[in-house]
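An overview of the molecular structure
Listed below are the residues making up each chain.
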Amino acid sequence: MLNVKEVEAGSLIGYGGIHRAARPMRIAVLAAGYADGIPHRLGNRGQVIAKGRLAPIIGAVSMDLTTVDVTGIPSLRAGDSVMLLGQRGQRLD
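**Side note on the overall build of the protein chain**
Counting its regular elements, the protein chain contains zero helices and eight strands. Its helices and strands taken in sequence order, the protein chain reads β-β-β-β-β-β-β-β from the N to the C terminus. The C-alpha radius of gyration of the protein chain comes to 12 Å, within 12% of the 12 Å expected for a compact globule of 93 residues. On the principal axes, the C-alpha backbone points of the protein chain span a range of 30 × 30 × 20 Å.

**Points about the pattern of salt bridges**
As enumerated under the stated definition, the model contains three salt bridges in all. With its nearest N and O atoms 3.5 Å apart, the salt bridge here joins E6 to R26. Highlighted residues: E6 in strand β1 (residues 3–7) and R26 in strand β4 (residues 25–30), separated in sequence by 20 residues. Residue R26 is classed as buried on the basis of its relative accessible area, which comes to 10%.

**A look at the side chain of S62**
Its place among the elements puts S62 in the loop between β6 (53–58) and β7 (66–69). Of the residues examined, S62 reaches a relative accessible area of 12% and is grouped as buried.

**Quick look at the nonpolar core**
Counting residues in hydrophobic clusters, the biggest one holds 15 residues, and the most contacted among them are M1, V48, A55, V68, V70, I73 and L76. Setting aside anything within four residues of it in sequence, one finds V68 in contact with R26, I27, A28, L30, V48, A55, P56, I57 and I58. V7, A21, M25 and I27 belong to the second-largest nonpolar core, a separate cluster that totals six residues.

**What about the environment of L2?**
By secondary structure assignment, the location of L2 is in the segment before β1. Sequence spacing of L2 and R23 is 21 residues, and the spatial spacing of their C-alpha atoms is 22 Å. Apart from residues lying up to four places away in sequence, L2 is in contact with V29, A31, L65 and A78.

**Topic: the side chain of T67**
Here T67 is to be found in strand β7. Owing to a relative accessible area of 10%, T67 belongs among the buried residues under this scheme. Within the local environment of T67, its side chain forms a polar contact with the backbone oxygen of I58, the two atoms lying 2.4 Å apart. In this structure, T67 is in contact with I13, G14, A28, V29, P56, I57, I58 and G59, ignoring residues within four places of it in sequence.

Cut-offs applied
Residues numbered from 1 in each chain as written. Predicted model: local features only at pLDDT ≥ 70, side-chain atom pairs only at ≥ 80, totals over all residues. Heavy atoms only, no water. Helix = DSSP H or I, 4+ residues; strand = E, 2+ residues; numbered from the N terminus. Rg over C-alpha atoms; globule rule 2.2 N^0.38 Å. Salt bridge = Lys/Arg side-chain N within 4 Å of Asp/Glu carboxyl O. Buried < 20%, exposed > 50% of the residue type's maximum accessible area, 1.4 Å probe, protein only. Core = buried A, V, L, I, M, F, W, Y, C linked by side-chain atoms within 4.5 Å. Contact = heavy atoms within 4.5 Å. Polar contact = N/O pair within 3.5 Å; in protein donor to acceptor, adjacent residues only side chain to side chain.

Geometric values such as these leave the question of function open.
Have a look at this one:
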């Protein structure tokens, strides 16, 4: 994971800004995109596993980057790894 940052409500997120934050959020930027095998169609609908919890992909999956909502995972930091393919995790509420 490249970066984790706080964004304000109303912020545009992801390539082309196709997701607007409805509330203050904590997002992670992953160093993987459709060039790395993450299907573009997972934008605003896919999930990754971070610290054993499911975190939704938000915004468009770009060629080299993917943004993920990690608001419910406060211990996640830049440099931590996430699972792109797998089955272990709990859904964030």
